[in-house]
Amino acid sequence: MLSGFRNTVNQRWEEPITETKPFSISKQVVWDAYRRVKMNQGAAGVDGQSIKDFEVDLRNNLYKIWNRMSSGSYFPPPVRTVDIPKSDGGFRRLGIPAVSDRVAQMVVKMYLEPDVQPIFHPDSYGYVSGKSALDAVGVVRKRCWWYNWVIDLDIQGFFDNIDHELMMHAVKKHTDSRWILLYIERWLKAPAQLEDGCLTEREKGTPQGGVISPMLANIFLHHAFDEWMRVNHPSVQFARYADDIIVHCRTKAQARVMLKVIERRLARCKLQLHPEKTKIVYCKDSKRLGSYEYESFDFLGYSFRPRLCRGLSCFVGFAPAVSKSAVKAMSATIRGWKLHLWSSSSLEDIARRINPVIRGWLSYYGRYYRSALYPILRQLQHALVRWAMRKYKRLRGRWLKATHWLGRFARREPRLFGSWEFGYRPPAGQ
């Protein structure tokens, strides 16, 4: 189906341009931008148009985007906002651009990204090609062995508080393209449509959820934090994933000084540290004596704290494992499946439906301290046992027998479920 669309689009794409456009934008890039947006999927924006709806008249829709962007007449529609609950009881406001606007943002991203990616700091991991959140977790883990203290920085409402003037000043350091600067400024100023339908003007911030927002956030913090640290405090190591930042220090005194100077630096960039979530943490282990108010922190879904580790001998190490909030979210997902009600499905059907999610969890949270995932895998196993008891009359009300039945199945098909492949299986019995 996609190739058919491309053939249809290319008929129009290959027509000679008879009119002069002030901005030279490749039609091929617009097409490639659409393909990336389609691959990422996403919800409809303020116009209610889904990707499937957009594809009904794909040729004309893409041509309009190219024509308007090339002529300078493209104006983004309002951004639909949705409030997503956070683990701390608050809300994170996401901005959902229209499909056509996501394509337009992707066009600018594809032109600008090759210029900015190479200049990002080596310890900037968020939305950078070839780097991942697990890379950042691994670096922080290693450095917590070397440094006794960390500063867990939390920028209050970062995406909502980026200053537009400072943002444009930062972008201009990387491009002098008039049309790129024009459209980025328009996206920054595009109004937001609240869930009740009201429109609000935006004087600061970039919508969290927009295609171009992560790159803009990286550009902003590259200048506001990364480069400033490199020039003014080159011996202090840090790891940053978007606006999640961990700074490593040798002593408590150094950590206190660094926290104060970082706070002043961010204030000059019109950002504030969260007074309750920003903290200095002692990386306590077997060799580090004493205690401190904070001896743990969360970073990218992992909780770093003193844990019992095994090597040639048992010892206490400052190590990461899946965080309580991540476990809570995974547990809620398993409960929401209500697997015991899937009695019309086979075990193979269930595995096919839930394995992508399970394997995603195991791939990410199973990298470090795998045993911390066992409670979640146990919950999944219990859900499958309840499914078996409901599906088969001979197993009803017989928990132990259903557990052993599932265990024998796991022994025959050890790769059926990601959890079984991971090594967590029920006992097979006799």
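Below: a short report on this structure. These figures come from a predicted structure and were not determined experimentally.

So, on to helix 4 (residues 58–71). In this model, helix 4 (14 residues) spans 20 Å end to end at C-alpha, consistent with the 20 Å of a helix rising 1.5 Å per residue. Among the residues of helix 4, those classed as buried are Leu58, Asn61, Leu62, Tyr63, Ile65, Trp66, Met69 and Ser70. Among the residues trailing helix 4, Gly72 stands out with phi positive, at a value near 85°.

A complete count under the given rule lists one cavity of 30 Å³ or more for this structure. Size it by volume and the largest cavity reaches roughly 60 Å³. Every residue lining the largest cavity is listed: Val79, Asp101, Gln105, Trp187, Leu188, Arg202, Thr206, Pro207, Gly210, Ile212 and Ser213. Those elements that provide at least two residues to the lining of the largest cavity are helix 5 (99–116) and helix 9 (178–189). Residues that form the lining of the largest cavity fall into these classes: five nonpolar, four polar and two charged.

Our next topic: the packing of aromatic side chains. This structure, assessed with the given rule, holds 27 aromatic pairs. Arranged with centres 6.0 Å apart and planes meeting at 20°, the rings of Trp337 and Trp361 form a pair that is stacked. With Trp337 in helix 12 (residues 324–337) and Trp361 in helix 13 (residues 347–365), this pair connects stretches of sequence that are 24 residues apart. Side by side, Trp337 and Trp361 carry an identical accessibility label, which is buried. An angle of 45° between the planes, with centres 5.5 Å apart, marks the rings of Tyr374 and Tyr424 as tilted. With a gap of 50 residues between them, Tyr374 in helix 14 (residues 374–391) and Tyr424 in the segment after helix 16 (418–422) connect regions that are remote in the sequence. Given a relative accessible area of 34%, Tyr374 falls into the partly exposed group. The exposure class assigned to Tyr424 is buried, which follows from its relative accessible area of 18%.

Definitions and limits used
- Residues numbered from 1 in each chain as written.
- Predicted model: local features only at pLDDT ≥ 70, side-chain atom pairs only at ≥ 80, totals over all residues.
- Heavy atoms only, no water.
- Helix = DSSP H or I, 4+ residues; strand = E, 2+ residues; numbered from the N terminus.
- Expected span 1.5 Å × (residues − 1).
- Buried < 20%, exposed > 50% of the residue type's maximum accessible area, 1.4 Å probe, protein only.
- 1 Å grid on protein atoms, 1.4 Å probe; cavity = no way out; pocket = protein on both sides within 12 Å on 5 of 7 lines; lining within 4 Å.
- Points joined across faces, edges and corners; volume = space filled by probe spheres on them.
- Nonpolar A, V, L, I, M, F, W, Y, C, P; charged D, E, K, R; others polar.
- Phe/Tyr/Trp six-rings, centres within 6.5 Å; stacked < 30°, edge-to-face > 60°.

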